[in-house]
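# Overview (structure and organization)
Each chain, letter by letter, is given below.
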Amino acid sequence: EAGVAQSPRYKIIEKRQSVAFWCNPISGHATLYWYQQILGQGPKLLIQFQNNGVVDDSQLPKDRFSAERLKGVDSTLKIQPAKLEDSAVYLCASTLWTSAGEQFFGPGTRLTVL
Amino acid sequence: QRVTQPEKLLSVFKGAPVELKCNYSYSGSPELFWYVQYSRQRLQLLLRHISRESIKGFTADLNKGETSFHLKKPFAQEEDSAMYYCALSSNAGKSTFGDGTTLTVKP
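What counts as what
- Residues numbered from 1 in each chain as written.
- Chains lettered and ligands numbered in written order.
- Predicted model: local features only at pLDDT ≥ 70, side-chain atom pairs only at ≥ 80, totals over all residues.
- Heavy atoms only, no water.
- Helix = DSSP H or I, 4+ residues; strand = E, 2+ residues; numbered from the N terminus.
- Rg over C-alpha atoms; globule rule 2.2 N^0.38 Å.
- Buried < 20%, exposed > 50% of the residue type's maximum accessible area, 1.4 Å probe, protein only.
- Contact = heavy atoms within 4.5 Å.
- Phe/Tyr/Trp six-rings, centres within 6.5 Å; stacked < 30°, edge-to-face > 60°.
- Buried area = accessible area lost by both parts, 1.4 Å probe.
- Polar contact = N/O pair within 3.5 Å; in protein donor to acceptor, adjacent residues only side chain to side chain.
- Nonpolar A, V, L, I, M, F, W, Y, C, P; charged D, E, K, R; others polar.
- Core = buried A, V, L, I, M, F, W, Y, C linked by side-chain atoms within 4.5 Å.

### A word on the overall build of chain A
- If you tally the helices and strands in chain A, you get 0 helices and 11 strands.
- When the helices and strands of chain A are listed from N to C terminus, the series reads β-β-β-β-β-β-β-β-β-β-β.
- In summary, chain A has a C-alpha radius of gyration of 13 Å against a globular reference of 13 Å for 114 residues, a match within 12%.
- Projected onto the principal axes, the alpha-carbon positions of chain A cover approximately 35 × 25 × 25 Å.
- For chain A, the residues scored as buried account for 46% of the 114 residues in total.
- Of the contacts formed within chain A by residues at least 6 apart in sequence, a portion of 54% connects residues at least 24 apart.

### Focus: the environment of Arg48(B)
- Among the secondary structure elements, Arg48(B) is positioned in strand β6 (residues 44–48).
- When the C-alpha atoms of Arg48(B) and Tyr26(B) are compared, they prove to be 17 Å apart, with 22 residues separating the residues in sequence.

### Focus: the packing of aromatic side chains
- Inspection of the entire model under this criterion finds 10 aromatic pairs over all chains.
- Both rings, one in Tyr33(A) and one in Tyr35(A), keep their centres 6.0 Å apart while their planes meet at 25°; by these two values the pair is stacked. The same class applies to Tyr33(A) and to Tyr35(A), which are both buried.
- Each ring, one from Tyr35(B) and one from Phe97(B), has its centre 5.5 Å from the other, and the planes form 45°; the classification is tilted. Remark: Phe97(B) occurs in strand β10 (residues 95–97) and Tyr35(B) occurs in strand β5 (residues 31–37); sequence separation between them is 62 residues.
- Residue classification places Tyr35(B) among the buried positions, given a relative accessible area of 1%.

### Quick look at the interface of chain B and chain A
- Listed as interface residues are 17 residues of chain B and, on the opposing side, 23 residues of chain A.
- Interface area, chain B with chain A, both sides summed: about 1,600 Å², of which 47% is carbon and sulfur.
- By the criterion of area lost to chain A, the three top residues of chain B are Arg42(B), Lys94(B) and Phe97(B), representing 33% of everything that side buries.
- Summed over the shared surface of chain B and chain A, the result is 7 residue pairs in polar contact (both at pLDDT 80 or more).
- Class assignment for the residues of the side of chain B that touches chain A results in 7 nonpolar, 4 polar and 6 charged.

### Looking at the nonpolar core
- Within the largest apolar cluster, 24 residues are counted, with the highest numbers of intra-cluster contacts made by Trp34(B), Leu71(B) and Tyr84(B).
- Residue assignment for this core shows that the elements contributing at least two residues are β2 (9–13), β3 (18–20), β5, β6, β8 (68–73), β9 (82–89) and β11 (101–106) of chain B.
- The residues touching Leu71(B), leaving out its near neighbours within four places in the chain, are Val18(B), Glu19(B), Leu20(B), Trp34(B), Leu46(B), Leu47(B), Phe58(B), Thr59(B), Ala60(B) and Tyr84(B).
- Judged by nonpolar contacts, the second largest core, of 21 residues, contains Val4(A), Phe21(A), Phe65(A) and Tyr90(A).

Structure representation (structure tokens):
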């Protein structure tokens, strides 16, 4: 089966600019996650979708971050405006149903904010 | 809920035993996982406690009394060099990862 796809792979922007990331999960996977991984730290969950509904977004900085999963398939994560501390790798993952199952990760998008 | 991996770096010689520590805090019954990231590869599942299987010679036992889920291998190989993350999923489905341990197996 095809893996989780993410684009772009790399992005460099200046602070206060906007940026969007795209994720296409494995076909048929109901649950989709966005993680932020800052250098030297583990992945931190930003938002979790079950189909097109939000299950958990308690750690999403909602004043600047937004995410959607229209039609319950692919998803976009947006940052507007970006800050220096948003520099990180943004990982997308999916599971067949619940998070008790294996999470399949995409390659990540490395964001650098200057 | 919280996952702690006390060692950022761990270095062993080939053939030596290795143990990567993971401690968690969670009031319910957690699902626990070990994920691994080899150089220039994606993060991938190594093993999970509910399956109680050995993958690539690694095992991990859930100790609810000590709230630990340490990863062990009796004889480390050079190809085991990678970043290892312990992860917990709550009853509500929320995932929490530790900050990872970089394992280096020296020849």
